[in-house]
Amino acid sequence: ANILIRRLAMPPALLLALTLLISILLLIILVDVIYTRLLRPSSAPPTALVLPVVGGMLSFLGGPLALISKFHASCGECFTLPVLHKRITFLIGPHASPFFFKAPDTALSQKEVYEFNVPTFGKGVVFDVDHVTRAEQFRFFAEALKGNRMRSYVQMMVKEAEEFFGAWGDEGVVDLRDELSRLVVLTASRCLLGKEVRETFQDEVAHLVHELDMGMVPLSVFFPYFPIEPHRRRDAARKELAKIFDGIVEKRRQENREEEDVLNTFVHAKYRDGSQLTNDQVLGMLIAVLFAGQHTSSITSTWTGLLLLESHQKQKKGILEGSGKSATFLEKVLDEQRKVIAEHGDELTFDILQSMDSLHFSIKEALRMHPPLIMLLRYAHAPFDVTTSDGKTYTVPKGDIIATSPAYSHRLDHVFDKADEYKPSRLEPGAAEDAKVPFSFIGFGGGRHGCMGEAFAYLQIKAIWSIALRNFEFELIGDNAPEADLTGMVVGPYASQVRFKRRKLK
């Protein structure tokens, strides 16, 4: 040993420390292998082959869709990925995922996997409460989205869109995502946050909400309180928003007045025991609603326009299969608008927007191809069985994080014919590819936790594009829509430039 120490030219203390460090690393690797592989029941899903301890995390850093594609090919529709000290079991496609959407909170829960939202939403709401309280809070959400409320929201949506597009010039070039994001924020302020915010605090609140948004980075999922600059700015913005809304909420309580917005619902909401939300919890609920809907509406409205324009221009140029043989999807949407105008004039109401099937399927197909969320997550409180399309049955152990991916599942060719093509007609009643197997389309989730804001989102996007297409011609700059930006927590397109020219639809 002394000869070895001399040859290494290393002090004995340093060599001992190095030996200890290597031993600890080997022990960690051994424990990881035992925990993630050897102790897994034989009936458990196959485990993805990655480096011990850090391999799963490295795979994630390479992009969730890339890792899902890789291990779907090698492991099948149900597989487990070790990520540090956790296990994530993926359920891919409609055959493997029904339990994900059907299970009650006592079996598969959202709370444990979405607790990283607590610094943003606040204490005492959504993911910081037990499932019984959360169910009551979801009842408040449902109350805010009832039919009579939705009819009043449509009036606000139309007013905001008309004013917004009325301020555009006669022609020019815009980044569609930036513009529609601004419009969605304005509409959200009017419908959700209340007229006080829209008329008095709009710019300030929009900036603070943006700071909250920027505070949601990939590191936040694992370490939501880690002292980094985006988290510090997030926390400061949350405090400033609390000051603004404390005054607004308190004034509404004192005046006991009714307004037609979501804020009004939360201010007057009562639990079954008669208690109410605190002022800060009202804000937390509003932030949760805003985050749940803002990205879906702005991103999906952008993709709807981009994909309609791309398919139209390619079909007119003879690039797409079947070019020249039938009307483009954009032409069908425009014809639908002409028919609505002929019957109702310029009026846009809840019922009129609901009747727009061509626009509806164009929006839904855009959401199929580009859902804003790559993954949906749950935590398993009990073991459950999964049967894949090839008849294999696995038992997923208690304690696994369960994941499914709308972005990946929506592009499976055995579920959707030529899944990478934009084809709204695939969703029409005659074809209904999304209805052949339950949970084929999960753009708004599904089952027990289907998005309650689905109808609101469709109405908002329909109002936006009805007014836009009635007043402008659009042209996509270049033949191809931009690629999806997969670097963020929420996936939208890269720069989305379009050319517009004002005209009245005839």
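Above this note sits the structure.
What counts as what
Residues numbered from 1 in each chain as written. Predicted model: local features only at pLDDT ≥ 70, side-chain atom pairs only at ≥ 80, totals over all residues. Heavy atoms only, no water. 1 Å grid on protein atoms, 1.4 Å probe; cavity = no way out; pocket = protein on both sides within 12 Å on 5 of 7 lines; lining within 4 Å. Points joined across faces, edges and corners; volume = space filled by probe spheres on them. Helix = DSSP H or I, 4+ residues; strand = E, 2+ residues; numbered from the N terminus. Salt bridge = Lys/Arg side-chain N within 4 Å of Asp/Glu carboxyl O. Buried < 20%, exposed > 50% of the residue type's maximum accessible area, 1.4 Å probe, protein only. Pairing = 2+ DSSP bridges. Contact = heavy atoms within 4.5 Å. Axes fitted to C-alpha atoms, helices over the stretch in contact; angles between N-to-C directions. Polar contact = N/O pair within 3.5 Å; in protein donor to acceptor, adjacent residues only side chain to side chain. Expected span 1.5 Å × (residues − 1). Arc of directions from axis to C-beta. Core = buried A, V, L, I, M, F, W, Y, C linked by side-chain atoms within 4.5 Å. Parallel < 35°, antiparallel > 145°, perpendicular 65-115°, else oblique.

A. Inspection of empty space enclosed by the protein at higher detail. Across all of its chains, the model carries one cavity of 30 Å³ or more by this definition. Only α10 (195-214), α12 (229-255) and α14 (279-316) provide two or more residues apiece to the lining of the largest cavity.

B. Quick look at the pattern of salt bridges. Inspection of every chain in the model, using the stated rule, returns 31 salt bridges. Put simply, Asp-335 and Arg-338 hold a salt bridge, and the shortest N to O gap is 2.8 Å. Of this pair, Asp-335 and Arg-338 both sit in helix α15 (residues 329-344), three residues apart, which is roughly one turn of that helix. Classification of Asp-335 by relative accessible area gives partly exposed; the value is 35%. Residues joined by salt bridges that share partners form a network here, namely Glu-160, Arg-190, Arg-198 and Glu-199.

C. Region of interest: the layout of surface pockets. What the second largest pocket holds in volume is close to 850 Å³. Considering the residues around the second largest pocket, the lining is formed by 34 residues, among which Glu-310, Met-369, Asp-420, Glu-421 and Tyr-422 are closest to the centre. If you list the elements that add at least two residues to the lining of the second largest pocket, you get α14, α15 and α18 (406-409). Here the element with the most residues in the lining of the second largest pocket is α14; it accounts for six residues.

D. Representation of unusual backbone geometry in the model. Backbone geometry places Val-126, a non-glycine residue, at a positive phi of 55°. On the secondary structure map, Val-126 appears in the loop between α6 (118-121) and α7 (131-144). Of note, the phi angle at Ala-432 is positive, near 45°, even though the residue is not glycine. Ala-432 sits in the buried class, given a relative accessible area of 18%.

E. Fine view of the sheet that holds strand β3 (residues 108-109). Strand order in the open sheet formed by five strands is β1-β2-β8-β5-β3, with mixed pairing between adjacent strands. Of all strands in the sheet, those with a lone pairing partner are β1 (78-83) and β3, marking the two edges. Of the pairings in the sheet, the one linking β1 to strand β2 (residues 86-91) comprises six bridges and is antiparallel in character. Across the sheet, the residue bridging to Val-83 is Lys-86, located in β2. Across the sheet, helix α4 (residues 64-75) touches β1 and β2, and the angle it forms with β1 is around 130°.

F. Expanded view of the side chain of Asp-261. Within the element layout of this structure, Asp-261 appears in the loop between α12 and α13 (262-268). From its side chain, Asp-261 meets the backbone nitrogen of Leu-263 in a polar contact 3.4 Å long. Only 2.8 Å separates the side chain of Asp-261 from the backbone nitrogen of Asn-264, close enough to count as a polar contact.

G. Structural detail: the side chain of Thr-300. Turning to its location among the elements, Thr-300 is positioned in helix α14. Beyond its immediate chain neighbours, meaning those up to four positions away, Thr-300 contacts His-295, Ile-363, Ala-366, Leu-367, Pro-372 and Ile-461.

H. Representation of the sheet that holds strand β9 (residues 472-476). Spatial strand order, β4-β12-β9: three strands in an open sheet with antiparallel pairing. Two strands in the sheet have a free side with no partner beyond their single neighbour: β4 (171-175) and β9. Ignoring strand direction, the axes of neighbouring strands in this sheet form an average angle of 30°. When β4 meets strand β12 (residues 497-502), the two strands line up antiparallel, connected through five bridges.

I. Representation of α15 within the structure. Under the 1.5 Å per step criterion, the end-to-end length of α15 is 22 Å for 16 residues, consistent within 8% with the ideal 22 Å. Taken residue by residue, α15 has Phe-329, Leu-330, Val-333, Leu-334, Glu-336, Gln-337 and Val-340 as its buried positions. Buried residues of α15, viewed axially, fall in a sector of 155°; they line one side. Exposed and facing more than 90 degrees away from the buried side of α15 are Lys-339, Ala-342 and Glu-343. Among the structural elements, α14, α16 (350-354), α17 (357-369) and α19 (454-471) are those in contact with the buried residues of α15. Positive backbone phi, approximately 70°, marks Gly-345, located one or two places after α15.

J. Seen up close, the nonpolar core. The biggest cluster of nonpolar side chains holds 141 residues, and the ones touching the most others in it are Phe-90, Phe-165, Trp-465 and Phe-474. Not counting the four nearest positions on each side in its chain, Phe-474 is found in contact with Trp-168, Leu-309, Trp-465, Ala-468, Leu-469, Val-498, Arg-499 and Phe-500.

K. Representation of the packing of α14 against α17 in the model. Close contact between α14 and α17 brings their axes to 8 Å; oriented N to C, the two are set at 105°. One way to sum up the angle between α14 and α17 is to call them roughly perpendicular. In this structure, α14 uses Thr-300, Trp-303, Thr-304, Leu-307 and Leu-308 to contact α17, whose residues at the interface are Ser-362, Ile-363, Ala-366, Leu-367 and Met-369.

L. View of the environment of Leu-84. Its location among the elements puts Leu-84 in the loop between β1 and β2. On the basis of relative accessibility, which here comes to 31%, the residue Leu-84 falls in the partly exposed class. For the pair Leu-84 and Leu-58, spaced 26 residues apart in the sequence, the C-alpha separation amounts to 9.9 Å.

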